[in-house]
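Each chain, written out:
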Amino acid sequence: MARIISLANQKGGVGKTTSTNAIAVCLKHRGFRVLCIDFDPQSNLSFSMDADLSDKSPKIYDVLKHVVKCRHAIQRTPIVDIIPTDLLLAGLELEFTTRGREFILKDCLQSIASYYDYILIDTPPELGILTINAFTAADVILIPCLADGYSLQGVLRLHETIGRVQSYLNPGLRIGGIFLVRYYPREELSRTARETAAMIAQRLQVPLLKSTIRHSNVIAKAHNLQKDMIAYAPGNIVVKDYIALVDELLKGGL
Ligand SMILES: Nc1ncnc2c1ncn2[C@@H]1O[C@H](COP(=O)(O)OP(=O)(O)OP(=O)(O)O)[C@@H](O)[C@H]1O
Ligand SMILES: [Mg+2]
């Protein structure tokens, strides 16, 4: 059965989508069967994986509405398998108002979980019903966080939401860790952020991952060109950082 991992942070632009793509690619290169779910109506992940976004191909919204079976919405891209999204997903908040609406994604994924080792879910920058669905479906949450004070403060609110999901919807849910993105080892600000992150992590009893992700425009380039980042730039520092991050997670029993 696949281990389901949601990448989340309600703050925008912290590297959720980039990390979902990168971690998926690293896991694939380690020999695992990987599926990504684009659960953010912005569809950045679908684009970065060169998914077919034309009207004729089903999206995650069609799956949630039971218009198509989950397995029929999977696209095999040269990067990894993905169920793409489109803007219609944004309507979920208003359309699904019945009891149990937090479990819609979890129920849909059950039928395909045996085909994969890992299913990665990219979430939008909010703590609404989409993100709650992603948490209810998940075994593990990973929290990318920019190496600055404001981003770290947001983790406190995120942690409260995760706690509520654990209490009421998904008791088996675990936080796999916080990891710092755009971390500059030589900069004072980054070092201070790391200390703050360590304090917050300790207070919340959440792991702060040792691996950090540095800054490189090459990663954005690979995603804009819809390339597998390891094949595109194997020696790049951020590619190496993501490989180290995934190895750390695997060692920790991801
Ligand atoms: N390590 C990095 N080095 C340089 N640029 C990066 C890095 N990580 C992410 N970026 C860039 O930062 C921007 C935001 O990243 P990304 O889209 O992954 O964030 P996000 O959290 O998914 O945003 P949103 O909340 O809007 O979904 C993108 O342009 C991406 O290419
Ligand atoms: Mg994103």
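Look up a bit, the structure's there.
Everything quoted here is computed from the prediction, not taken from an experiment.

**Description of the overall build of the protein chain**
Then, in step 1: Along the protein chain, the regular secondary structure elements total eleven helices and seven strands.
Then, in step 2: With the principal axes as the frame, the protein chain shows a C-alpha extent of 50 × 40 × 30 Å.
Then, in step 3: Sequence-distant contacts in the protein chain: of pairs separated by 6 or more residues, those separated by 24 or more amount to 78%.
Then, in step 4: Counting only carbon and sulfur atoms, one obtains 52% of the accessible surface of the protein chain, whose full area is about 11,700 Å².
Then, in step 5: Averaging the locations of the 29 positively and 25 negatively charged side chains of the protein chain gives two centres separated by 5 Å.

**Some remarks on the site of ligand 1**
Then, in step 1: Lining the immediate surroundings of ligand 1 are 17 residues, of which Lys16, Thr17, Thr18, Arg182 and Arg214 lie closest.
Then, in step 2: The contact in question runs from an oxygen atom of ligand 1 to an N or O atom on the side chain of Lys16, over 2.8 Å.
Then, in step 3: Within the contact set of ligand 1, a nitrogen atom lies 2.8 Å away from a backbone nitrogen or oxygen of Arg214.
Then, in step 4: In the complex, the protein chains occlude 81% of the 630 Å² of accessible area that ligand 1 would expose alone.
Then, in step 5: If you tally residues by element for the shell around ligand 1, the top one is helix 1 (residues 16–29), at three residues.

**With respect to the pairing of strand 6 (residues 140–146)**
Then, in step 1: Most of strand 6 sits inside the fold, with seven of its seven residues counted as buried.
Then, in step 2: Judged by which residues are buried, strand 6 turns out to be covered on both faces: Val140, Leu142, Pro144 and Leu146 on one side and Ile141, Ile143 and Cys145 on the other are all buried.
Then, in step 3: As judged from the three bridges shared by strand 1 (residues 3–7) and strand 6, these two strands associate in the parallel manner. The residue of strand 6 that forms the bridge with Ile5 is Val140.
Then, in step 4: Strand direction decides the pairing type here: strand 6 and strand 7 (residues 174–181), joined by seven bridges, are parallel. What sits directly across from Leu146, in strand 7, is Val181.
Then, in step 5: Between strand 6 and its parallel partner strand 7, the chain crosses via helix 7 (residues 149–168), and the hand of that crossover is right-handed.

**Considering the sheet that holds strand 6**
Pairing between the strands of a sheet comes from backbone hydrogen bonds, and it takes one of two forms, parallel or antiparallel.
Then, in step 1: One open sheet holds the seven strands; their spatial order is 3-4-2-5-1-6-7, and the pairing between them is mixed. Where the open sheet ends on each side, the last strands, each with one partner, are strand 3 (75–76) and strand 7.
Then, in step 2: Where strand 3 and strand 4 (residues 81–83) come together, two bridges link them in antiparallel fashion. Bridge pairing in strand 4 links Arg76 to Asp81.
Then, in step 3: Against the sheet, helix 7 engages strand 6 and strand 7, with an angle of about 165° to strand 6.

**Structural notes on the environment of Val206**
Then, in step 1: Relative to the assigned elements, Val206 resides in the loop between helix 8 (188–204) and helix 9 (217–224).
Then, in step 2: In the structure, Val206 is positioned 32 residues away from Arg174 in sequence and 9.2 Å away in space, judged by C-alpha atoms.
Then, in step 3: Setting aside residues up to four positions removed in sequence, Val206 forms contacts with His159, Ile175, Gly177, Ile178 and Ala201.

**Digging into the packing of aromatic side chains**
Then, in step 1: If you walk through the whole model with that rule in mind, you get one aromatic pair.
Then, in step 2: Their ring planes at 85° and their centres at 5.2 Å tell us that Phe32 and Tyr118 sit as a pair that is edge-to-face. Linking Phe32 in the loop between helix 1 and strand 2 (34–38) with Tyr118 in strand 5 (residues 118–122), this pair joins segments that are 86 residues apart in sequence.

**Structural notes on the pattern of salt bridges**
Two side chains bearing opposite charge may form a pair once their charged atoms approach each other closely.
Then, in step 1: All chains considered together, the criterion is met by eight salt bridges.
Then, in step 2: With a closest N to O distance of 3.9 Å, Asp228 and Lys28 form a salt bridge. Residue Asp228 is found in the loop between helix 9 and helix 10 (229–232), and its partner Lys28 is found in helix 1; the two are separated by 200 residues along the sequence.

**Here's the deal with the nonpolar core**
Note that soluble globular proteins tend to have their nonpolar side chains buried in a common cluster.
Then, in step 1: Core analysis: the largest hydrophobic core is formed by 52 residues, its most contacted members being Ile37, Phe39, Ile60, Leu64, Ile83, Leu109 and Ile121.
Then, in step 2: Aside from chain neighbours lying at most four places away, what touches Leu64 is Phe39, Leu89, Leu92, Phe96, Ile104, Leu105 and Cys108.
Then, in step 3: Counting residues in hydrophobic clusters, the runner-up holds 37 residues, among them Met49, Ile82, Tyr242 and Leu245.

Reading the values: the criteria
- Residues numbered from 1 in each chain as written.
- Chains lettered and ligands numbered in written order.
- Predicted model: local features only at pLDDT ≥ 70, side-chain atom pairs only at ≥ 80, totals over all residues.
- Heavy atoms only, no water.
- Helix = DSSP H or I, 4+ residues; strand = E, 2+ residues; numbered from the N terminus.
- Contact = heavy atoms within 4.5 Å.
- Areas by Shrake-Rupley, 256 points an atom, 1.4 Å probe, with all protein chains shown as cover.
- Lys, Arg positive; Asp, Glu negative; His and termini not counted.
- Charge placed at Lys NZ, Arg CZ, Asp CG, Glu CD.
- Near = heavy atom within 4 Å.
- Polar contact = N/O pair within 3.5 Å; in protein donor to acceptor, adjacent residues only side chain to side chain.
- Buried < 20%, exposed > 50% of the residue type's maximum accessible area, 1.4 Å probe, protein only.
- Pairing = 2+ DSSP bridges.
- Right-handed = clockwise from strand over helix to strand, strands pointing away.
- Axes fitted to C-alpha atoms, helices over the stretch in contact; angles between N-to-C directions.
- Phe/Tyr/Trp six-rings, centres within 6.5 Å; stacked < 30°, edge-to-face > 60°.
- Salt bridge = Lys/Arg side-chain N within 4 Å of Asp/Glu carboxyl O.
- Core = buried A, V, L, I, M, F, W, Y, C linked by side-chain atoms within 4.5 Å.

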